[in-house]
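Fold and contact review
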Amino acid sequence: MLKLRQRTSIAALTGALLAGAALGVSPVAADGIVAKVVNSPLNSAGLVRDGYAALNVYLQKPEAQGIEFFNPEVIGYGIPAGGRIEVEMGGGFTRDPAIAMDASAVHMVSGTPQHGLSSKGLGYGSVEGANPNIFVLTAASPEGLPAEKLLPRATVEKLDPIPNIGLKVFHIGLGNIAFTNRGEKGSVTVRIIDANGKVLGSGSAEVEFWDETRPQIHPNNFLHKGQNHNWQRVEPGGTPGKVAGTVPLTFMLFDKSDGPPESREGIVGAGIVSVKQMKEMNFTVPADIDRYDSGLIIKDTDGDGRLDPRRDQIIGGVIDGDLKGYDVRSLEVDGAPVLSQVTGAFSERAGNRFGGAIMQVFYHTEYTAGTYRPTFALLKDPSDLKSGDGTSYTYTVIAEKE
């Protein structure tokens, strides 16, 4: 296995955090240690106006901003000894006073996807702060919770070749949902405060609320015992899921709701057709979606168990970054694609709790070492190729020689 590179401790980062507090990294206003706010990967409508607030708050560091912060080799944050972390919900986020501001309403996560940090196992809790919109997270131990001790279950059980360490995401509304979305947008502010009341790091981000529900695509690790599906390492030309110790790229899909925003219906029967497969079909990607340069996400609408963009519905696609992969497609069995299935087919408990559907993908890297960043996007309106992208997620795959 590949060895972890040298890491930097939280203490050494304090000055850099303060110096970098004014840096913005997102199209929506963001600064400091907060990179952005996104819909929860386990809820179908967490950012719909007048609906419940279920979201993720992505953090960052000055020297590891945006997506780079989620490299498992970068240590996240911890709770200072005798100190606290405050998460303040502002703007249109409206508190439901009947819901407790506890650790089931705000949960610490060590990375994407879904590497939750157990509040009971690690010993942290949350209470209401100076105003009713502030979560205050503290450690049970007077020594606090150093980042190096914040390890998800998969890391503790040695399922991850490269472990996730430290706080990197706040999951708001995982269990209890204490806020609703009102108006045009909401804001989230995070402050890390030591025992003397000194702010070690802070940042804020705004997020616009949606007028209506939209199809959703999110990263997911319900399969493979919770192993990390992101930032996997393979040799050039390798494929996560085909190389020993790796797993396919896996997604949670939610369909656009025609009824209540809280619908949890998954997109079933979806998969990916590669550029190579489309060439074999003599299919040319329409100009309205030619940004999908690496493949199309298609829903099998005729029920034949196959994917054909000439007959089935195009619902999204794959956009490669600077380094283009060799091929991206659905898993296959006996020449037929393995299409998305309801979450309950893999985990009855997760299916009952979250709903949705699970899609698995093989992403083949080129024979060039480097960082591959495919973005998987769903059309905002799958009935209209001109509607633009709604939700999306970018996986990172590292191709390097041992």
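Below, the structure is looked at part by part. (Residues numbered from 1 in each chain as written. Predicted model: local features only at pLDDT ≥ 70, side-chain atom pairs only at ≥ 80, totals over all residues. Heavy atoms only, no water.)

A separate point is the overall build of the protein chain. In terms of regular secondary structure, the protein chain is built from five helices and 25 strands. Based on the C-alpha atoms only, the size of the protein chain along its principal axes is roughly 65 × 50 × 40 Å. The buried share among the 402 residues of the protein chain stands at 55%. Contacts in the protein chain between residues far apart in sequence, at least 24 positions, make up 72% of those at least 6 positions apart. Accessible area for the protein chain stands at about 16,700 Å²; split by element, carbon and sulfur atoms hold 50% of it. In the protein chain, which carries 38 positive and 46 negative side-chain charges, the distance between the mean positions of the two groups comes to 5 Å. (Helix = DSSP H or I, 4+ residues; strand = E, 2+ residues; numbered from the N terminus. Buried < 20%, exposed > 50% of the residue type's maximum accessible area, 1.4 Å probe, protein only. Contact = heavy atoms within 4.5 Å. Areas by Shrake-Rupley, 256 points an atom, 1.4 Å probe, with all protein chains shown as cover. Lys, Arg positive; Asp, Glu negative; His and termini not counted. Charge placed at Lys NZ, Arg CZ, Asp CG, Glu CD.)

Moving on, we get to the sheet that holds strand E4 (residues 84-95). Across the sheet, six strands lie side by side as E1-E10-E9-E4-E7-E6; this open sheet has antiparallel pairing. Each end of this open sheet is capped by a strand with a single partner; those strands are strand E1 (30-32) and strand E6 (124-128). Each adjacent strand pair in this sheet contributes to an overall mean axis angle of 15°, direction not counted. In this sheet, strand E9 (residues 179-193) lies alongside E4 in antiparallel orientation, the contact comprising eleven bridges. Following the sheet pairing, Phe 93 is matched in E9 by Asn 181. (Pairing = 2+ DSSP bridges. Axes fitted to C-alpha atoms, helices over the stretch in contact; angles between N-to-C directions.)

Right, let's get into the pattern of salt bridges. Note on pairing: side chains with opposite charge can pair once their charged atoms come close. Tallied over the full model, the rule gives 23 salt bridges. Among the salt bridges present, the one from Arg 182 reaches Asp 50, with a minimum N-O distance of 3.2 Å. Here Arg 182 is found in strand E9, whereas its partner Asp 50 is found in the loop between strand E2 (34-39) and strand E3 (55-59), with 132 residues between them in sequence. Judged by its relative accessible area of 38%, Arg 182 is partly exposed. Its salt-bridge partner being Lys 299, residue Asp 255 comes within 4.0 Å of it at the nearest N-O pair. (Salt bridge = Lys/Arg side-chain N within 4 Å of Asp/Glu carboxyl O.)

The full count for this structure, using the stated rule, is ten aromatic pairs. Among the aromatic residues, those joined into a cluster by ring pairs are Tyr 58, Phe 69, Phe 70 and Tyr 77. Positioned above the aromatic ring of Tyr 77 is the side chain of Lys 61, whose terminal nitrogen or guanidinium carbon lies 5.2 Å from the ring centre. A cation over an aromatic ring shows up here: Arg 291 above the ring of Tyr 292, its NZ or CZ 4.6 Å from the ring centre. (Phe/Tyr/Trp six-rings, centres within 6.5 Å; stacked < 30°, edge-to-face > 60°. Lys NZ or Arg CZ within 6 Å of the ring centre and 35° of its normal.)

Another point: the pairing of strand E21 (residues 357-364). The side chains of a regular strand alternate, residue by residue, between the two faces of the sheet. In terms of burial, E21 is largely enclosed, as eight of its eight residues are buried. A two-sided burial pattern is seen for E21, the buried positions comprising Ala 357, Met 359, Val 361 and Tyr 363 on one face and Ile 358, Gln 360, Phe 362 and His 364 on the other. Where strand E13 (residues 249-254) meets E21, five bridges bridge the pair, whose relative direction is antiparallel. Along E21, the bridge assignment pairs Met 252 with Ile 358. Here strand E17 (residues 327-330) runs beside E21; their pairing, made up of four bridges, is antiparallel. Its bridge partner lying in E21, Arg 329 is registered against Phe 362. Pairing geometry for strand E20 (residues 341-342) and E21, over two bridges, is antiparallel. In the sheet register, Gln 341 faces E21, and the bridge partner there is Ile 358.

Membership of the largest hydrophobic core comes to 77 residues, with the highest contact counts inside it found for Val 57, Phe 135, Phe 170, Val 190 and Phe 376. Here Phe 170 is in contact with Leu 55, Asn 56, Val 57, Leu 59, Ile 85, Val 87, Val 106, His 107, Met 108, Leu 137 and Val 190, once residues within four sequence places are set aside. Counting 13 residues, the second-largest nonpolar core is a separate cluster that includes Phe 283, Ile 289, Leu 307 and Ala 377. (Core = buried A, V, L, I, M, F, W, Y, C linked by side-chain atoms within 4.5 Å.)

Examined against the element boundaries, Lys 120 turns out to sit in helix H2 (residues 119-122). Its relative accessible area of 80% is what places Lys 120 among the exposed residues. For the pair Lys 120 and Ala 103, spaced 17 residues apart in sequence, the C-alpha to C-alpha distance is 9.1 Å.

This part takes up the sheet that holds E3. Spatial strand order, E2-E3-E8-E5: four strands in an open sheet with antiparallel pairing. On the outer flanks of this sheet lie E2 and strand E5 (106-109), each paired with one strand and no other. The average angle at which neighbouring strand axes cross in this sheet is 20°, direction not considered. As defined by bridge partners, E5 adjoins strand E8 (residues 169-172) across four bridges and the pair is classed as antiparallel. Bridge pairing in E8 links Val 109 to Val 169.

This part covers the pairing of E8. The alternating pattern of E8 places Val 169 and His 171 on one face and Phe 170 and Ile 172 on the opposite face, and all of these are buried. The sheet contact formed by E3 and E8 spans four bridges and is antiparallel. Within E8, the position partnered with Leu 55 by the bridge is Ile 172.

In short, geometric facts, not functional conclusions.
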